[in-house]
Structures are given as structure tokens and as C-alpha cells.
Amino acid sequence: MGTAPTELLVAGLVASSMASLFVLLGFSLDVARWRARRRTDRIHATLARVLLADEAGAETAAERLARYRPATIIPLIQRLAADLDGEAMERLRALVASAALDRHIRSRVGSRRWRRRAQGAGLANLLPHGDPARTVLLDDPHPLVRARCAEALAPADAGANAARLVELLDDEVDADKFAAQGALIHAGTLAVDTLADYLETGNDDGIRWALEVAANTPDPKLIPGIRRHLDGPDPERRAIATRAVAIWADGVAELRDRLEDDDPRVRAAAADAVALAGAEALAANVGRLLGDRSWIVRERAGRSLASMGPTGVMTLRIHLDDEDGYARDMARQVLDTLGVVHA
């Protein structure tokens, strides 16, 4: 009879002890998390002073940051590195040097594990200018490391490695193509000569991606290469090249021809390009596409005219009485969308 109460008492004490232990453990974890947040907040505030304070304040803040463990600082720096340029980037680069973080970045760049190399690729542009570790991962065997390296390139590095970036436009992995595109656009005129040569002589799948770069790089050196594909046999390339024409100062004649292309993708791209170029002189030509057999061409033509203001509205009104039912319907639909009375 006395054993059962004793067992119950022991069980109650064990349960109470376990509950107390869990409460203590939870409290300890909460305190640890609070301290970690406080530390992170202090590091963020100190980093802000490094980047934004006057020279003396930035130097003092950098000395304070050097006291923290590199494993604590580097993830925070990595988030900043992708969004900074100019003086802020140079200050961050100086911090890396003064806090001896460059050794840890090189360790990631040379790691056997691809995830750590990807981290290193995102940080490599914080190494000194001209350091080969800044661009070595463009040739990494893992595609995501190559992509991360291309994404993080400074414009000067992208320009100096334009030939390699052009090769990546024909990579079998889309992530590498997108990253190379972005790097070449970011490089601007620094990569134009290499890009122009590729557009004029290349013929692989990377040409489509290069044409997208050209469409975002308004440089006259690219016009011969764009024109080569504007008149080529591949309709997809013609469509991309047509969009690139929108940035030409004198591309009206080319756009007029593409509005009559035998492929609907090209005609739709031409209507878009007319809108981007603000080429109101082609309003009547775009208006004729309101009766196109392809719905996407009709829709893009209507959208293009809608962007032209009074000229576009007048053209749309004219087609309200068009013999073609498609043209009448699209003109009425666009005018309704614009809130224009057309009774």
C-alpha cells in the first residue's frame, strides 16, 4: 500500500524536474537568441557607419568590426556586396582588407564544396582590384558557382572577361546564361567590342541571348550585328533583333519592314518596338495590324497605338469602320480601355 504513493511522488518529482528543465532550457535559448539579435543589430549599425559616416567615423567603426569573428561578419557583408557600388563598395573593400577577411573569402573561393565556392563567388569582388580570385570561378565546374560569379562581377571585371561571358551565353544551363546576360549589360561599353564581334560572326544558340543584351545596350557599334539577324532566316532571332531596333535613333525603316514580316512573332515584336521607340510616324502601319490573323499581333498593335496619345487614338477611331471585323473589334476594345467615347 505504501509503494504506490511513493512511486507517484517520484513520478511527480521527475515530471516537475523535467518541466523545470524545459522552462530553463527555453529561457536559455531565448536569452541566446536575444543576445544574437543584439550582436547582429550592433554589427549592422557599425557597418552602416563604415559605409556612411565621415572618414574618421568610418575608420573607428571599421576597427570595432575587426573585433568580431569573421564567421559573424561575412554573412552580413555578403548581403550588402550585391547592392553596393562606388564609394560604399570601396569602403567595404577597405574593411575586408583591414579586418583580414580576404583570407576567409579566398578560402571559400578555393573550397572543395561547391556551396562554399558559391559563397566565395558572391564575395570575390571585395578582394583587391586585379586579384585573379575575383574572376577565377567563371570557369568553375559547377554551373551555379559560375552563375554566382558572373552575377557578382564588377563592371570592369565583366568588361575584362567579356569573351568568357559571351561563351556562357551558350552554356547548357539557363542560370549561367541569365547571369552572363546581366553581367554584360552591367559592363555596358566595356563589353561592346566583344559583343559586336560575336553578333557579327556567331551562329550558336547564344546569339539569342546576346541580342537581348544588345537590346539593352544603346551603342552604334552593335547595329551591324543586330541588322545581320534582323534580316536572317530565324524568326525568333528576327523578333529579338526587332525589339533591339527600338533603341536606334534612325530605326524607323527597319521597323516598318518588320511590321510586314511573314512571322507573327516578328510582327508582334515590331509593334512593341514602335511603342518603345515612340515612332508615331508608323501609326498607320501599326493600325493595319489591328486586322492581323494572329490575335497576339492584333493585341500588341492595339497596345502600341494606345501608347501614342492623340495620334494613336485617331488611328484607332479610323479602324472603327474597318471592313475587317478583327480590326473593328480590337479598335473598339482598346478605345474602351482608354475610356474614349467612340459613338
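Our subject is the structure that appears above.
The rules behind each value
- Residues numbered from 1 in each chain as written.
- Predicted model: local features only at pLDDT ≥ 70, side-chain atom pairs only at ≥ 80, totals over all residues.
- Heavy atoms only, no water.
- Buried < 20%, exposed > 50% of the residue type's maximum accessible area, 1.4 Å probe, protein only.
- Helix = DSSP H or I, 4+ residues; strand = E, 2+ residues; numbered from the N terminus.
- Arc of directions from axis to C-beta.
- Contact = heavy atoms within 4.5 Å.
- Axes fitted to C-alpha atoms, helices over the stretch in contact; angles between N-to-C directions.
- Parallel < 35°, antiparallel > 145°, perpendicular 65-115°, else oblique.
- Left-handed = near helix turned anticlockwise from the far one by under 90°.
- Nonpolar A, V, L, I, M, F, W, Y, C, P; charged D, E, K, R; others polar.
- Polar contact = N/O pair within 3.5 Å; in protein donor to acceptor, adjacent residues only side chain to side chain.
- Phe/Tyr/Trp six-rings, centres within 6.5 Å; stacked < 30°, edge-to-face > 60°.
- Lys NZ or Arg CZ within 6 Å of the ring centre and 35° of its normal.
- Salt bridge = Lys/Arg side-chain N within 4 Å of Asp/Glu carboxyl O.

Participant: Just checking my understanding: could you explain helix α19 (residues 310-318) for this structure?
Facilitator: Three or more residues of α19 are buried, namely Gly 312, Val 313, Thr 315 and Leu 316. Looking straight down α19, one finds its buried side chains confined to an arc of 160 degrees; they lie on one side. Of the exposed residues in α19, those oriented more than 90 degrees away from the buried face are Pro 310, Met 314 and Ile 318. Packed against the buried residues of α19 are α17 (283-288), α18 (295-306) and α20 (325-338).

Participant: Help me understand the packing of helix α11 (residues 192-201) against helix α12 (residues 206-214), please; the structure alone is not making it clear to me.
Facilitator: Packed helix pairs are characterised by how far apart their axes lie and by the angle those axes make with each other. Here α11 crosses α12 at 135 degrees, and the two axes come no closer than 10 Å. Overall, the two elements α11 and α12 adopt an arrangement that is oblique. Of the two possible hands of crossing, α11 and α12 adopt the one that is left-handed. Contacts between α11 and α12 pair Leu 195, Tyr 198 and Leu 199 from the former with Gly 206, Ile 207, Ala 210, Leu 211, Val 213 and Ala 214 from the latter. Residues that form the contact of α11 with α12 fall into these classes: eight nonpolar, one polar and no charged.

Participant: Quick question: what am I supposed to make of the side chain of Ser 111 here?
Facilitator: One can find Ser 111 in the loop between α5 (102-109) and α6 (114-123). One polar contact links the side chain of Ser 111 to the main-chain amide nitrogen of Arg 113, over a distance of 3.0 Å. Contacts of Ser 111, omitting those with residues within four sequence positions, involve Arg 116 and Arg 117.

Participant: Just checking my understanding: could you explain the packing of aromatic side chains for this structure?
Facilitator: The way to describe two aromatic rings as a pair is by their centre distance and the angle between their planes. Enumeration according to the criterion identifies one aromatic pair in this entry. Its guanidinium or amino end placed over the ring of Tyr 326, Arg 298 lies 4.0 Å from that ring's centre, counting from NZ or CZ.

Participant: Just to check I follow, could you spell out the packing of α12 against helix α14 (residues 235-245) for this structure?
Facilitator: Contact geometry of α12 with α14 gives a least axis separation of 8 Å together with a crossing angle of 10 degrees. Comparing their axes, α14 and α12 come out roughly parallel. Here Ile 207, Arg 208, Leu 211, Glu 212 and Ala 214 of α12 lie close against α14, whose contacting residues are Glu 236, Arg 237, Ile 240, Ala 241, Arg 243 and Ala 244. Here the contact of α12 with α14 is composed, by residue class, of six nonpolar, no polar and five charged.

Participant: What should I look at first to understand the pattern of salt bridges in this one?
Facilitator: Where charged atoms of side chains with opposite charge meet at close range, the side chains can pair. Evaluation of the coordinates by the stated rule reveals 28 salt bridges. One salt bridge connects Asp 174 with Lys 177, and the closest N-O pair in it is separated by 3.9 Å. Residue Asp 174 and its partner Lys 177 are both found in helix α10 (residues 174-187); the two are separated by three residues, about one turn of the helix. Looking at Lys 177, the relative accessible area reads 7%, which means it is buried.

Participant: Can you help me understand the environment of Glu 200 in this one?
Facilitator: Here Glu 200 shows up in helix α11. Separated by 28 residues in sequence, Glu 200 and Arg 228 have C-alpha atoms that sit 6.8 Å apart. In this structure, Glu 200 is in contact with Lys 221, Pro 224, Gly 225 and Arg 228, ignoring residues within four places of it in sequence.

Participant: Quick question: what am I supposed to make of the side chain of Thr 217 here?
Facilitator: By the secondary structure assignment, Thr 217 is in the loop between α12 and α13 (223-230). Its relative accessible area of 8% is what places Thr 217 among the buried residues. One polar contact links the side chain of Thr 217 to the main-chain carbonyl oxygen of Val 213, over a distance of 2.8 Å. When near neighbours in sequence (up to four residues on either side) are disregarded, Thr 217 contacts Val 192, Leu 222 and Ile 247.

Participant: Please clarify how the environment of Gly 325 should be interpreted in this entry.
Facilitator: The residue Gly 325 is located in helix α20 in this model. Look at Gly 325 and you get partly exposed, because its relative accessible area is 25%. C-alpha separation for the pair Gly 325 and Leu 290, spaced 35 residues apart in sequence, amounts to 9.5 Å.

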